[in-house]
Amino acid sequence: MEPQPRIGLAALAELAFGGGDVKSFYNDLISLIKKDPTNAGVMMDLSIAAQLEGHQELGLAWQDYALDISRVFAPIRATSAKKTVLIYAAPIHMGGNTPVDLLLGSDAFDVVTYYPSFDMSPAEYPELPPHDVAFCAAPADHEQAEKFFENVRRIAAAQRVKVLNLPQHLVKPERHTVPELLGNVRGLRTPKTLEIDRATLQQMLAREIESEALAETAAYPFVVRPVGSHAGAGLAKVATRAEFSAYLETRPEDAFFVSEFLDYASPQDGRFRKARIVCINGRAFPCHYAIADRWDIWYANAKMEDCADKRREEEAFMDNFAVEFGKRHQAAFDAITAVIGLDYYGFDCAEDAEGNLVLFEIDNALIVHDLDSPEIYPYKHGHMQNVFDAFEALLASKCPDPELSIPTSLIANVPPLQVQEPLVVA
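Scoring rules and cut-offs
- Per-chain numbering applies: the sequence of each chain, read as written, is numbered from 1 onward.
- Reporting in this predicted model follows two pLDDT cut-offs: at least 70 for local features of residues, and 80 or more for side-chain atom pairs to be given and counted; totals over whole chains, interfaces and linings ignore these cut-offs and use all residues.
- Side-chain descriptors were evaluated using all non-hydrogen atoms of the structure, hydrogens and water having been removed beforehand.
- A run of DSSP states H or I qualifies as a helix once it reaches four residues; a run of E qualifies as a strand once it reaches two. Both are numbered from the N-terminal end.
- To get the radius of gyration, use the C-alpha atoms; to get the globule rule, take the number of residues to the power 0.38 and multiply by 2.2 Å.
- Throughout, exposure labels follow a simple rule: accessible area from a 1.4 Å probe, protein chains only, divided by the maximum for the residue type, with under 20% read as buried, over 50% as exposed, and the rest as partly exposed.
- Whether two residues are in contact is decided by their heavy atoms, any of which lying within 4.5 Å being enough.
- Every accessible area reported is derived by Shrake-Rupley at a probe size of 1.4 Å, with residue values counting cover from the shown protein chains alone.
- The span one expects for a helix is its residue count, reduced by one, times 1.5 Å.
- To define axes, lines are fitted to C-alpha atoms, for helices over the stretch in contact only, and angles between the resulting N-to-C directions are given on a 0 to 180 degree scale.
- Here the angle decides the label: under 35 degrees means roughly parallel, over 145 means roughly antiparallel, 65 to 115 means roughly perpendicular, and every other value means oblique.
- In this scheme the handedness of a crossing depends on how the near helix is turned from the far one: anticlockwise by less than a right angle means left-handed, clockwise means right-handed.
- For two strands to pair, DSSP has to find at least two bridges joining them.
- Joining through side-chain atoms within 4.5 Å is the link that ties buried Ala, Val, Leu, Ile, Met, Phe, Trp, Tyr and Cys residues into a set, and such a set is a nonpolar core.
- Identification of polar contacts relies on pairs of N or O atoms within 3.5 Å, with a donor-acceptor requirement for protein atoms, meaning one able to donate a hydrogen and the other able to accept it, and with residues adjacent in sequence counted only if both atoms are side-chain atoms.

Once that is clear, we can look at the overall build of the protein. Per the secondary structure count, the protein includes 15 helices and 15 strands. For 426 residues, the compact-globule estimate of 2.2 N^0.38 gives 22 Å, and the C-alpha radius of gyration of the protein, at 24 Å, lies within 12% of that figure. Overall, the protein is about 85 × 70 × 50 Å in size when its C-alpha atoms are taken along their principal axes. Each of the 426 residues in the protein was classed as buried or not, and the buried ones make up 49%. Once local pairs closer than 6 in sequence are excluded, the contacts in the protein between residues at least 24 apart make up 69%. Counting every atom, the protein has about 21,600 Å² of accessible surface; 51% of that belongs to carbon and sulfur.

This paragraph deals with helix H3 (residues 40-52). A rise of 1.5 Å per residue sets the reference length of H3, with its 13 residues, at 18 Å; its end C-alpha atoms lie 19 Å apart and thus fit the reference within 8%. Across the 13 residues of H3, 12 count as buried, placing the element largely inside the fold. Every buried residue of H3 is listed here: Ala40, Gly41, Val42, Met43, Met44, Asp45, Leu46, Ser47, Ile48, Ala49, Ala50 and Gln51. On its buried face, H3 is in contact with strand S1 (4-6), helix H1 (9-17), helix H2 (22-35), helix H4 (56-69) and strand S2 (72-75).

Relative orientation of the contacting elements H1 and H3 amounts to 30 degrees, with a least axis distance of 10 Å. Classified by the angle their axes make, H1 and H3 are roughly parallel. Where H1 crosses over H3, the two elements pack in a sense that is right-handed. Of H3, the residues touching H1 (which contributes Leu9, Leu12, Ala13 and Ala16) are Asp45, Ile48, Ala49 and Leu52.

This part is about the sheet that holds strand S5 (residues 133-136). The strand order across the open sheet formed by six strands is S1-S2-S4-S3-S5-S6, and the pairing between neighbours is mixed. Each having just a single partner strand, S1 and strand S6 (163-164) make up the two edges of the open sheet. Note: S1 against S2, three bridges, orientation parallel. If you follow Arg6 over to S2, its bridge partner there is Pro75. Each of S1 and S2 touches H3; the most contacted strand, S1, lies at about 35 degrees to it.

With omega at 0 degrees, the peptide bond leading from Tyr220 into Pro221 counts as cis. Relative to the elements of secondary structure, Pro221 occurs in the loop between helix H9 (210-213) and strand S9 (222-226). The backbone of Arg160 sits at a positive phi, close to 55 degrees, despite the residue not being glycine. Here Arg160 is to be found in the loop between helix H6 (145-159) and S6. Since its relative accessible area comes to 69%, Arg160 is described here as exposed. Backbone geometry at Glu208 places phi at a positive 60 degrees, although glycine is not the residue there. Tracing the chain through its elements places Glu208 in the loop between helix H8 (198-207) and H9.

Judged by nonpolar contacts, the single largest core of 43 residues is most densely connected at Val85, Phe135, Ile280, Val387, Phe391 and Leu395. When sequence neighbours within four positions are dropped, the list of residues in contact with Val387 reads Leu103, Val278, Ile280, Phe285, Pro286, Cys287 and Val368. One finds Val178, Tyr264, Ile291 and Ala302 within the second-largest nonpolar core, a separate group that totals 42 residues.

Now for the pairing of strand S3 (residues 83-88). By the criterion of burial, S3 is predominantly enclosed, with five of the six residues buried. In the sheet, S3 pairs with strand S4 (residues 109-114) via six bridges, with the strands oriented parallel. Residue pairing across strands places Ile87 opposite Thr113, the latter belonging to S4.

Here the focus is the side chain of Asn97. By the secondary structure assignment, Asn97 is in the loop between S3 and helix H5 (100-103). Polar contacts involving the side chain of Asn97 include one to the main-chain amide nitrogen of Ala90, which spans 2.8 Å. The residues touching Asn97, leaving out its near neighbours within four places in the chain, are Ala89, Ala90, Ile92, Ala137, Ala138, Pro139 and Ala365.

Structure (structure tokens):
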């Protein structure tokens, strides 16, 4: 199966973050697809460009068109690398899979991405391009994750190539299961969470029994968000029954996570601080540190670019991570890694007034990149390069050693040893 060439996520994201005209580029791609309406690689680039412009539904439609033609893609490169990594990616939105394109910026690996369908049968398993190592990038918390991972296990078995992030038994790090998985880890706090459908919530509120029904989780204020949401989409804190009811009236979703509110404001200045950390082969690396006056913080709304003091604090956090924050919470990091069982994953966390690690979200597909302005964030590049180097080293460690490996075709043809006479040792 020949990979279809595409520009890919890394180059298009760099264009967008650098202030490039993605809309004009999208129109240029439309011109190409008019000339060749079977060009699946261009369709995949149209998908990414549309999503970067905020049109996710349109982007997913382009992806569907592309996958009807081909399911294997590779970024356009001037030269080929000596090694190839095959990525098993889920056919979902561009931020849904582990961002391998953004993690591999060097020329050490060619990246080939294969998109299995969620419901494919064994008869549909393909013959994939040659590769040295593979990586399962699909989100472990997806509703069809078990089915997808099982398909990848079966496809990979025929390839005889090591696949990273493909545990034999998948642990789904969903918001309502993480407290059960990690609730007994000393020094670690996870918000107690319930997944509840809209109808049940509405009945609770109408009968005025939500406080009693949710008492095992928390008490007002509750934190509520739609199931499957990320980056603060639909996130709210509700302090009264009226606020809870009003929130449901504004949301179209059918299911929600209701969590306890953990106050992680700093006792020194009342600000909230949240870190994004990735663990690669058991080692933790800082990716960013957001600081804001609001509790519902993520990096985009922290406005770090507008405040030099915040950036200086982030720089100190990243520079001293190994001997300060990382050292204080190493036992918790080790416990999380042991439970999750993935070679690569990330999490968003904070530290409360008592010094506990407050864990908000675990995800093997959190966005990790080095696309921020080097003029505004000169300290970030070195730390992100550490992440990229560790990820590349992880892949390289699972590639066969060319000096030691023996082609399986030779092994298959070696005849059994025939001993004609007893062996005598003098």
